[in-house]
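# Observations on chain architecture
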Amino acid sequence: MKKLKAAIIGCGQIAQVTHIPNYQVMEDAEILGVCDTSLDTARTAAKKFEIEHYYDSHKKMLEDLQPDAVIICVPNKFHCQITLDALEAGCHVFCEKPPAITVEEAEQMAAKAEETGKLLSYGFHFRASGHTGFLKDRIAKGKMGEIYHTEVKWHRRRGIPGWGCFTSKEIQGGGPLIDIGAHMLDCALYLLDYPEISYVCASSSSRIGKTSKAGLMGEWNPERFTVEDGIFGYIQFSDSTSLSLQSSFAINQEEKDIRSVKLFGSKEGASLFPLKIYGEEEGQLVNLEFPFFEMRDWHMDLDTNFVHACLGKEELLVTARQGAYVQKIICGLYESAETGKPVIF
Ligand SMILES: NC(=O)c1ccc[n+]([C@@H]2O[C@H](COP(=O)([O-])OP(=O)(O)OC[C@H]3O[C@@H](n4cnc5c(N)ncnc54)[C@H](O)[C@@H]3O)[C@@H](O)[C@H]2O)c1
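A few words now on the domain arrangement of the chain. For the chain, the assigned domains are domain 1 (4-124 + 300-317) and domain 2 (127-294 + 326-344). At the junction of the two partners, domain 1 supplies 17 residues and domain 2 supplies 18 residues. Taken together, both faces of the contact between domain 1 and domain 2 bury some 1600 Å²; the carbon and sulfur share is 60%. When the buried area of domain 1 at its contact with domain 2 is split by residue, Ile101, Phe124 and Leu317 rank highest and sum to 38% of it. Applying the counting criterion to the domain 1 and domain 2 interface returns two salt bridges. In this structure, the salt-bridge partner of Lys97 is Asp179, at a minimum N-O distance of 3.0 Å. Linking domain 1 with domain 2 are eight residue pairs in polar contact (both at pLDDT 80 or more). Of all the secondary structure elements, the ones that give two or more residues to the side of domain 1 that touches domain 2 are helix H5 (103-116) and helix H9 (298-310). Looking at the side of domain 1 that touches domain 2 residue by residue, the class counts come to ten nonpolar, four polar and three charged.

Below, the structure is given as C-alpha cells:
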C-alpha cells in the first residue's frame with residue numbers, strides 16, 4: 001500500500017493532541033519528522049511519539065526528508081510563509097485554521113497551490129461532521145427551500161486561552177472571530193455555497209479581556225490582551241440573504257460554551273451542533289432530531305480526508321479557495337469593527 005510520507009511543522013498543543021496521534025494510527029500515512037523553532041519542543045515531541053527525525057528549521061527538514069505532505073501547526077502569523085515554502089518544495093499542505101492573517105496572504109497561498117499543482121487544505125474540522133454533510137445534501141435537494149438568514153455563534157463564558165499566543169493580535173491576527181468563530185463561519189458558508197458578498201459590518205469589545213482574570217481555560221495577562229474578546233457582525237449577500245455572527249472568548253452569559261449554526265429556510269429551519277430540523281408536515285409543525293447519528297472524531301476524519309485526497313482516493317473537503325473566501329469575511333468584519341463603518345465588497 002502506498003503510504004503518504006508526512007512531516008509536522010510546529011509541535012505545540014494541536015500537533016501533539018490531535019495530528020501526530022491521528023497520523024500514527026492511519027495505515028496509509030507515516031510521520032517522517034517533526035520541527036519546531038524550539039529544538040527542545042521538537043526533540044521532546046519526537047521522543048514522545050517515537051519519530052526519528054527532529055529539526056528547528058522547516059526548510060532544513062523539507063530539504064532532508066522531502067516529505068509528500070506537511071501539517072502546519074504554528075501560530076497564524078507564520079502560516080503563509082511556511083505554506084509557500086512547503087508548496088515550493090513540492091509538498092501537499094494541511095495548514096491549521098485560519099488560513100492566515102490577511103486576505104492577501106490567503107489568496108497568495110491558494111494561488112501558489114494552483115501554480116504548483118499541490119493540495120492545500122485547512123483545519124476546519126467541523127466540516128467533517130456527518131451532521132454538516134447530511135444538512136448539505138438536504139439543502140442541495142431543496143428540502144429547506146430558500147435559506148434567507150443564517151446565524152453563527154461561538155461564545156465562551158470565560159474561555160480566554162491561557163497558553164500560546166491567542167491573545168496577541170500581532171501573532172494571531174485577532175481573537176475569538178479568527179480562532180473559534182471561524183469554525184462556525186466556515187461551516188455556514190460551506191452550507192450556503194459561498195454566496196457573493198455585498199457588505200459586512202461589525203462591532204467588537206475587549207472590555208473583559210483587558211480587565212478580568214477569572215478564566216476557565218487558564219490565566220491570561222490583561223495588560224498584553226490585544227485582541228477582541230467578543231465580536232458581533234452582520235454579512236449582507238448580493239442576493240439579499242444575510243448572515244449574523246457572534247463570537248466571544250469571554251461574555252457574561254449563563255452557559256459555559258455555546259457553539260451553533262442556525263439556518264432559516266422558507267420550507268425548513270435547521271440547527272447544528274447537534275443537528276435538528278424544524279418544519280411542517282400535513283398542517284403540523286414538526287421537529288426532527290437525530291439521536292442515533294454516530295458521533296465521530298471530526299479531527300480524525302478531516303486528517304483522513306486530507307491523506308486520502310493526497311493519495312488520489314477522495315476529493316478534498318476543505319479547499320484553498322474556500323479558505324480564502326472565509327478569510328475575506330473575517331478580515332472585512334475586523335476592518336468594520338475597527339473603523340466603525342461597513343465594508344463594501
Ligand atoms: N482546528 C482546531 O480546532 C485548532 C485547535 C487549536 C489550535 N489550532 C490552530 O493551530 C495552530 C497552533 O495552535 P496551538 O494551540 O498548537 O499553539 P501552540 O502555541 O501550542 O503551538 C505552536 C507551536 O509552534 C511553534 N512555532 C512557532 N513558530 C514556528 C515556526 N516558524 N516554525 C516551527 N514551529 C514554530 C511554537 O514553538 C509552538 O511549539 C494555530 O494556528 C491555531 O489556530 C486549531
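Counting 106 residues, the largest nonpolar core has Leu135 and Leu243 as the members making the most contacts within it. Among the elements that make up this core, the one with the highest residue count is helix H8 (residues 176-192) (twelve residues). Summarising the domain contributions, this core has at least three residues from each of domain 1 (4-124 + 300-317) and domain 2 (127-294 + 326-344). Each residue touching Leu135, except ones within four places of it in the same chain, is listed here: Met144, Leu191, Leu263, Ala270, Leu272, Leu275 and Ile277.

Rules of the game
- Residues numbered from 1 in each chain as written.
- Predicted model: local features only at pLDDT ≥ 70, side-chain atom pairs only at ≥ 80, totals over all residues.
- Heavy atoms only, no water.
- Domains from an automatic or database assignment.
- Contact = heavy atoms within 4.5 Å.
- Buried area = accessible area lost by both parts, 1.4 Å probe.
- Salt bridge = Lys/Arg side-chain N within 4 Å of Asp/Glu carboxyl O.
- Polar contact = N/O pair within 3.5 Å; in protein donor to acceptor, adjacent residues only side chain to side chain.
- Helix = DSSP H or I, 4+ residues; strand = E, 2+ residues; numbered from the N terminus.
- Nonpolar A, V, L, I, M, F, W, Y, C, P; charged D, E, K, R; others polar.
- Core = buried A, V, L, I, M, F, W, Y, C linked by side-chain atoms within 4.5 Å.
- Buried < 20%, exposed > 50% of the residue type's maximum accessible area, 1.4 Å probe, protein only.

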